[in-house]
Amino acid sequence: MYPYIEIFGKSYATYGLMAMLGCFVAFAFILYICPRYGALRLNELYLIAFVVIFAVVGAKLLYVVGNISELFTRSAQIFASPEAFMDYLGAGFVFYGGLIGGCIGVIAYARFFKENTVHMAEAFVPGVPLFHCFGRIGCFMAGCCYGIPTEGPLGITFTHSIVAPNGVSLLPIQLIEAGANVITFIILLVFKKKLKRPLQNFGLYLLIYSIERFIFEFFRGDLARGAFLNVSTSQWISLILLPVAIYFLAARPEKNVFIWILGGRGEARARAAKDTTMS
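In what follows, the accompanying structure is described. Source: prediction; values computed, not measured.

### Side note on the side chain of N201
Then, number 1: If you trace the backbone, N201 turns up in helix α10 (residues 200-216).
Then, number 2: Separated by 2.9 Å, the side chain of N201 and the backbone oxygen of E122 make a polar contact.
Then, number 3: Those residues in contact with N201 that lie beyond four places of it in its chain are Y37, E122, V125, P126, L188 and L195.

Following this line, the structure appears as structure tokens:
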């Protein structure tokens, strides 16, 4: 649609602008809601910094791994100059890589500051689909992550896309996924009080998104990226994350190893003792 927007005479990538807007909205919401999860805003701000750094690195690394052939076929162009290399680093990110990297960032924060980060992580979870919604709108504006050809009424024809084929009616899967992320965001807020165990909201998010992503991939028109056995890299990751999601939802606090990793061992034991008393 509009891969670039001109502001005060300068051209800016729409995807980058939407990603920045998504970060601002998501982080503002996380800082607003974190006290309800028992987390301090200043600590949450530090956590955000850790997550952003690790998420960006993870999103880029997974893109490079999934498109490793590009490094060889376009190596002369990519390494032609520092500017060309920076352009390569600034484009091409995979959400799942960012999600995994962000999780590592949470663990790094907990290990670095040696404090219980469970409640801070829980407060961060609703912000993920909120940010992702803006990111997918940015994908739509740029024409990347495009859908399969369709003759249906939902078809969108790109004319200035930098990635998707122009002049072909395509399913706007980016906008469909953006809407699904909004629904996921609402579900996480609605079920906040019903999820009693620590990090269960993360399990619910992983369960919803892994199923959504596995299905949505069938409607993507760019499945040549990292496909193996006709299954995309993101679908393989979805299959791996599905049992992880169930683990977060079903595991008792004292058995959930991730709670211990995030410094919540004492909380897990207290929660287990409380559950035993109530039973």
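So much for the structure itself; the text now carries on.
### Observations regarding helix α9 (residues 173-190)
Then, number 1: Here α9 contains 18 residues, and its C-alpha end-to-end distance of 26 Å stays within 8% of the 26 Å for a straight helix at 1.5 Å per residue.
Then, number 2: Three or more residues of α9 are buried, namely I173, Q174, E177, A178, A180, N181, T184, F185 and L188. Looking straight down α9, one finds that the buried residues subtend no more than 165° of arc, so they occupy a single side. Residues I183 and V190 are exposed on α9 and point more than 90 degrees away from its buried face.
Then, number 3: Summarising the contacts, the buried residues of α9 are in contact with α1 (14-33), α8 (127-142) and α10.

### Description of the nonpolar core
Then, number 1: In this structure, Y96, Y205 and L206 are the most contacted members of the largest nonpolar core, which totals 43 residues.
Then, number 2: In this structure, Y96 is in contact with L62, Y209, S210, R213, S234, I237, S238 and L241, ignoring residues within four places of it in sequence.
Then, number 3: One finds F140, Y146, F158 and L170 within the second-largest nonpolar core, a separate group that totals six residues.

### Side note on unusual backbone geometry
Then, number 1: Within the chain, K114 stands out as a residue other than glycine whose phi angle is a positive 50°.
Then, number 2: Here K114 lies in the loop between α6 (95-113) and α7 (118-124).
Then, number 3: With a relative accessible area of 70%, K114 lands in the exposed category.

### Overview of the packing of α1 against α8
Then, number 1: The interhelical angle for the contact between α1 and α8, taken along N-to-C directions, is 165°, at an axis separation of 8 Å. With respect to each other, α1 and α8 are oriented roughly antiparallel. Our pair here, α1 against α8, has a crossing hand that is right-handed. Taken together, the residues of α8 that come into contact with α1 (itself represented by T14, Y15, M18, A19, L21, G22, C23, V25, A26, F29 and I30) are G127, L130, F131, F134, G135, I137, G138, C139, M141 and A142.
Then, number 2: Tallied by class, residues from the contact of α1 with α8 come to 16 nonpolar, five polar and no charged.

### Some points on a nonpolar patch on the surface
Then, number 1: Nonpolar side chains collect at one region of the surface, where I53, F54, V57, L61, I100 and I104 lie side by side and expose about 530 Å² of accessible area between them.
Then, number 2: Listing elements by their share of the nonpolar patch, those giving two or more residues are α2 (41-66) and α6.
Then, number 3: Ranked by the residues each element gives to the nonpolar patch, the list is headed by α2, at four residues.
Then, number 4: Given a relative accessible area of 44%, V57 falls into the partly exposed group.

### Focus: α2
Then, number 1: The terminal C-alpha atoms of α2 lie 36 Å apart, and with 26 residues this matches the ideal 38 Å at 1.5 Å per residue to within 8%.
Then, number 2: Burial in α2 covers these residues: E44, L47, I48, V51, A55, G58, A59, K60, L62, Y63 and V64.

### Focus on the packing of aromatic side chains
Then, number 1: Counting across every chain of the model gives 18 aromatic pairs.
Then, number 2: Ring centres 6.1 Å apart and planes at 70° place the aromatic pair Y247 and F258 in the edge-to-face group. Residue Y247 is located in helix α11 (residues 233-250), and its partner F258 is located in helix α12 (residues 257-261); the two are separated by eleven residues in the primary sequence.
Then, number 3: Using a relative accessible area of 30% as the deciding quantity, one classes F258 as partly exposed.
Then, number 4: An aromatic cluster of at least three residues, connected via ring pairs, comprises Y46, F50, Y109, F112 and F113.
Then, number 5: Its guanidinium or amino end placed over the ring of F93, K60 lies 5.4 Å from that ring's centre, counting from NZ or CZ.
Then, number 6: The ring of Y37 is capped by K192, whose NZ or CZ atom sits 4.7 Å from the centre of that ring.

### A short note on the pattern of salt bridges
Then, number 1: Inspection of every chain in the model, using the stated rule, returns four salt bridges.
Then, number 2: Of the charged contacts, one joins R136 and E177 as a salt bridge, the two residues approaching to 3.2 Å between their closest N and O atoms. Taken together, the residues R136 in helix α8 and E177 in helix α9 connect sequence positions 41 residues apart.
Then, number 3: The class for R136 is buried, based on a relative accessible area of 5%.
Then, number 4: Here E254 ties to R252 by a salt bridge, and the two come within 3.0 Å at their closest N and O atoms.
Then, number 5: Within this structure, R213, E217 and R220 form a network of salt bridges that share partners.

Each value, and the rule that gives it
Residues numbered from 1 in each chain as written. Predicted model: local features only at pLDDT ≥ 70, side-chain atom pairs only at ≥ 80, totals over all residues. Heavy atoms only, no water. Helix = DSSP H or I, 4+ residues; strand = E, 2+ residues; numbered from the N terminus. Polar contact = N/O pair within 3.5 Å; in protein donor to acceptor, adjacent residues only side chain to side chain. Contact = heavy atoms within 4.5 Å. Expected span 1.5 Å × (residues − 1). Buried < 20%, exposed > 50% of the residue type's maximum accessible area, 1.4 Å probe, protein only. Arc of directions from axis to C-beta. Core = buried A, V, L, I, M, F, W, Y, C linked by side-chain atoms within 4.5 Å. Axes fitted to C-alpha atoms, helices over the stretch in contact; angles between N-to-C directions. Parallel < 35°, antiparallel > 145°, perpendicular 65-115°, else oblique. Left-handed = near helix turned anticlockwise from the far one by under 90°. Nonpolar A, V, L, I, M, F, W, Y, C, P; charged D, E, K, R; others polar. Patch = residues over 30% accessible without salt bridge, like charges linked within 9 Å, V, L, I, M, F, W, Y side chains within 5 Å. Areas by Shrake-Rupley, 256 points an atom, 1.4 Å probe, with all protein chains shown as cover. Salt bridge = Lys/Arg side-chain N within 4 Å of Asp/Glu carboxyl O. Phe/Tyr/Trp six-rings, centres within 6.5 Å; stacked < 30°, edge-to-face > 60°. Lys NZ or Arg CZ within 6 Å of the ring centre and 35° of its normal.

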